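# Report on the structure
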Amino acid sequence: MDLLTATEIDWDIDWRGQPGAESTADTSQVIYNRFPRWVGALSLVQPPAIIGRWRALRWSAQGRAGIYRLPMIDPAIFDRTVVPQKMASSLGFGFPVGSGFLGDFSEQAVPTVSAASAAPAGSDVVRISVTELDLVPAVGQIISADDWPMGVTDVSYEGGATFALGVQMPLRAPISAGDSISLVGTGRFEVLTDMAGRGGYGLDRVSAPSIEFREVLTR
């Protein structure tokens, strides 16, 4: 069972821009940091059976010291729960037991496709091989390679089983032909405060914590 049963979901890229002073040409400038990162905010609902497990997970993370390996669940754009059974052979397991990362997703299948060709770090185009049309990513979908999330900005058919994806942010690590690409973006995140995700409950014994994450850029 997911500990992260979200009622509100908000994933986005923090470009970490810095406003600049007006120039002599009366134009404003924005200077972008070299290290933008993904951020997320989740509102959760947890019945009694989950409250204790979530509390234990937070304790294990020791506040800001822990790293959460999270699927960036985004059902409005791609709902992995409706992938047809005929695609079962395309499913991979993104959260192996004993991986050493915090989370409760070890037994959940994550749909994947393969990289059709290699792409160096910094690329803003990724080519994938897709055998089932229902697995072709949608514009606005968050995907990932080796736990580096990226957002799909364009989808172009190139013939055969190959599709070219325009992505943001550009690849932070190179991709080799045949590498697995998760159709549910997976990233490594930290919380912003030691008390993040703290949730009390009332007489109904249902907790509704909120939690914010930001991507960890060091590996």
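Above this note sits the structure.
## Observations regarding the overall build of the protein chain
Along the protein chain, the regular secondary structure elements total 1 helix and 14 strands. Counting the 219 residues in the protein chain, one finds 40% classified as buried. Counting only carbon and sulfur atoms, one obtains 52% of the accessible surface of the protein chain, whose full area is about 11900 Å².

## Looking at helix α1 (residues 48–61)
The terminal C-alpha atoms of α1 lie 21 Å apart, and with 14 residues this matches the ideal 20 Å at 1.5 Å per residue to within 8%. Where α1 is buried, its residues touch β4 (37–44), β5 (68–71) and β14 (210–215). Gln-62 sits one or two positions beyond α1 and adopts a positive phi of about 55°.

## Considering unusual backbone geometry
For the peptide bond that leads from Gln-168 to Met-169, omega is 0°, which places it in the cis range. Position of Met-169 among the secondary structure elements: in the loop between β11 (162–168) and β12 (180–182). In the Ramachandran plot, Arg-205 falls in the positive-phi region, its phi being about 60° despite a non-glycine side chain. Turning to its location among the elements, Arg-205 is positioned in the loop between β13 (186–191) and β14. Residue Arg-205 is classed as exposed on the basis of its relative accessible area, which comes to 56%.

## Comments concerning the sheet that holds β5
Where strands meet in a sheet, backbone hydrogen bonds hold them as pairs that are either parallel or antiparallel. One open sheet accounts for 5 strands, arranged β1-β4-β14-β13-β5; its pairing is antiparallel. Looking at which strands have only one partner, the edges of the open sheet turn out to be β1 (6–14) and β5. Taken over all neighbouring pairs, the strand axes of this sheet differ in orientation by 35° on average, direction set aside. Bridge analysis of β5 against β13 gives 4 bridges, and the strand direction is antiparallel. When the sheet's bridge partners are listed, Tyr-68 is paired in β13 with Phe-189.

## Quick look at the environment of Glu-132
By secondary structure assignment, the location of Glu-132 is in the loop between β8 (125–129) and β9 (142–145). As for Glu-132 and Ala-161, which are separated by 29 residues in sequence, their C-alpha atoms are 8.6 Å apart.

## A look at the packing of aromatic side chains
On inspection of all chains with the given rule, the structure shows 4 aromatic pairs. Each ring, one from Trp-11 and one from Phe-189, has its centre 5.5 Å from the other, and the planes form 45°; the classification is tilted. Of this pair, Trp-11 sits in strand β1 while Phe-189 sits in strand β13, placing them 178 residues apart in sequence. Residue class for Trp-11 comes out buried when judged on its relative accessible area of 12%. Chaining the aromatic ring pairs together yields one cluster made of Trp-11, Tyr-68, Phe-189 and Phe-213.

## A closer look at the pattern of salt bridges
What the rule picks out here adds up to 6 salt bridges. For Arg-64, the salt bridge goes to Asp-194, with nearest N and O atoms at 3.0 Å. Here Arg-64, found in the loop between α1 and β5, pairs with Asp-194, found in the loop between β13 and β14; they are 130 residues apart in sequence, far enough to count as distant. Note that Arg-69 and Asp-147 form a salt bridge whose closest N and O atoms lie 2.8 Å from each other. Note that Arg-69 is positioned in strand β5 and Asp-147 in the loop between β9 and β10 (148–159), a separation of 78 residues in sequence. Assessed through its relative accessible area of 13%, Arg-69 is described here as buried. In this structure Asp-147 comes out as buried when scored by relative accessible area, which is 6%. Each of the salt bridges in this network shares a partner with another, and the network as a whole consists of Arg-69, Asp-147 and Arg-188.

Definitions and cut-offs
Residues numbered from 1 in each chain as written. Predicted model: local features only at pLDDT ≥ 70, side-chain atom pairs only at ≥ 80, totals over all residues. Heavy atoms only, no water. Helix = DSSP H or I, 4+ residues; strand = E, 2+ residues; numbered from the N terminus. Buried < 20%, exposed > 50% of the residue type's maximum accessible area, 1.4 Å probe, protein only. Areas by Shrake-Rupley, 256 points an atom, 1.4 Å probe, with all protein chains shown as cover. Expected span 1.5 Å × (residues − 1). Contact = heavy atoms within 4.5 Å. Pairing = 2+ DSSP bridges. Axes fitted to C-alpha atoms, helices over the stretch in contact; angles between N-to-C directions. Phe/Tyr/Trp six-rings, centres within 6.5 Å; stacked < 30°, edge-to-face > 60°. Salt bridge = Lys/Arg side-chain N within 4 Å of Asp/Glu carboxyl O.

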